[in-house]
Amino acid sequence: MQDDKDIKYMNEALGQAKKAFDIDEVPIGAVIVKDDEIIAEAFNRRNTDKNTLSHAEILAIDKASKAVGDWRLDDCTMYITLEPCPMCAGAIVQARIPRVVIAAYNRKAGCAGSIVNLLQEERFNHQVDITYEVLEDESSRLLKDFFRKLREKNK
């Protein structure tokens, strides 16, 4: 059974993903919560910003660090609509985020278990607790709709 709080915040992350969808970005959203309050939210902006680093997770970590006044986010939970890539997984570990909630798996680039699991690599000095598949269907449907729309546009 999925936790009501996890569903609540993942819905917020999905709202961010929909903002990305609306501007023709891959619909991935991230929300960071501390003390049951959203302190940062972001969506993919890689194409819009013309910047490899403009992934939802990186943008959210930057905002959260500014909100708490520290690079350590050790009292936070991150909600992500798609399993993080290697860059984002590394940033999560470096930010010391203790818990991540993921909606959909990323079978082609996921680094929280699909290809490798950087979030729980025991040789690192920090490991992350992971909850999977919270609102997975909703996130997967949004991604499929996006890529269907993109294929039709490129015909």
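Given the structure is predicted, the values throughout are model-derived calculations rather than measurements.

The mixed open sheet is built from 5 strands, whose spatial order is 2-1-3-4-5. Two strands in the sheet have a free side with no partner beyond their single neighbour: strand 2 (37-43) and strand 5 (129-131). Taking the axes of each pair of neighbouring strands and ignoring which way they run, one obtains an average angle of 20 degrees across the sheet. Note that strand 3 (residues 76-82) and strand 4 (residues 99-104) share 5 bridges and pair parallel. Paired with Y79 across the strands is V101, a residue of strand 4. In the packing of helix 3 (residues 56-68) onto the sheet, contacts are made with strand 1 (29-34), strand 2 and strand 3, and the angle to strand 2 comes to roughly 145 degrees.

Turning our eyes to something else, we now look at the packing of helix 3 against helix 4 (residues 86-94). Working note: a packed helix pair is described by the angle between its axes plus the distance between those axes. Here helix 3 crosses helix 4 at 25 degrees, and the two axes come no closer than 9 Å. Put simply, helix 3 runs roughly parallel to helix 4. Here helix 3 runs over helix 4; the crossing is left-handed. Touching E57, I58 and I61 of helix 3 are M87, C88, A91 and I92, all from helix 4. Of the residues belonging to the contact of helix 3 with helix 4, the class tally is 6 nonpolar, no polar and 1 charged.

Here we come to the UniProt feature "active site" (unreviewed entry) in the protein chain. Summarizing the sequence annotation, UniProt attributes the feature "active site" (unreviewed entry) to E57 in the numbering used throughout. Along the chain, the position of E57 falls in helix 3.

Moving on: the packing of helix 1 (residues 4-22) against helix 5 (residues 136-153). In the contact formed by helix 1 and helix 5, the axes pass within 11 Å of each other and the chain directions differ by 0 degrees. One way to sum up the angle between helix 1 and helix 5 is to call them roughly parallel. In this structure, helix 1 uses L14, A17, K18 and F21 to contact helix 5, whose residues at the interface are E138, S139, L142, D145, F146 and K149. Here the residues of the contact of helix 1 with helix 5 are counted per class, giving 5 nonpolar, 1 polar and 4 charged.

Below, the discussion takes up the side chain of E25. The residue E25 is located in the loop between helix 1 and strand 1 in this model. Excluding anything up to four places from it in sequence, E25 contacts A20, N44, R45, R46, N47, T48 and F146.

The biggest cluster of nonpolar side chains holds 34 residues, and the ones touching the most others in it are I32, I61, M78, I92, V100 and L119. Elements that contribute at least two residues to this core include exactly helix 1, strand 1, strand 2, helix 3, strand 3, helix 4, strand 4 and helix 5. Excluding anything up to four places from it in sequence, L119 contacts P84, A89, I92, V93, V100, C111, A112, H126, Q127, V128 and I130. By size, the runner-up hydrophobic cluster in this structure holds 11 residues, among which are A13, L14, V31 and A103.

Along any regular strand the residues' side chains alternate between the sheet's two faces. Summarising burial for strand 1: 5 of the 6 residues are buried, a large majority. In this structure, strand 1 lies alongside strand 2, joined through 6 bridges in antiparallel fashion. In the strand pairing of strand 2, G29 is matched with F43. Linkage of strand 1 to strand 2, two consecutive antiparallel strands, is achieved through a turn of 2 residues, within which D35 is found at a positive phi near 50 degrees. Bridge count between strand 1 and strand 3: 5 bridges; the pairing is antiparallel. Counterpart to I32 in the pairing with strand 3 is M78.

Calculation notes
Residues numbered from 1 in each chain as written. Predicted model: local features only at pLDDT ≥ 70, side-chain atom pairs only at ≥ 80, totals over all residues. Heavy atoms only, no water. Pairing = 2+ DSSP bridges. Helix = DSSP H or I, 4+ residues; strand = E, 2+ residues; numbered from the N terminus. Axes fitted to C-alpha atoms, helices over the stretch in contact; angles between N-to-C directions. Contact = heavy atoms within 4.5 Å. Parallel < 35°, antiparallel > 145°, perpendicular 65-115°, else oblique. Left-handed = near helix turned anticlockwise from the far one by under 90°. Nonpolar A, V, L, I, M, F, W, Y, C, P; charged D, E, K, R; others polar. UniProt positions renumbered as here; feature names shortened; annotations may be inferred. Core = buried A, V, L, I, M, F, W, Y, C linked by side-chain atoms within 4.5 Å. Buried < 20%, exposed > 50% of the residue type's maximum accessible area, 1.4 Å probe, protein only.

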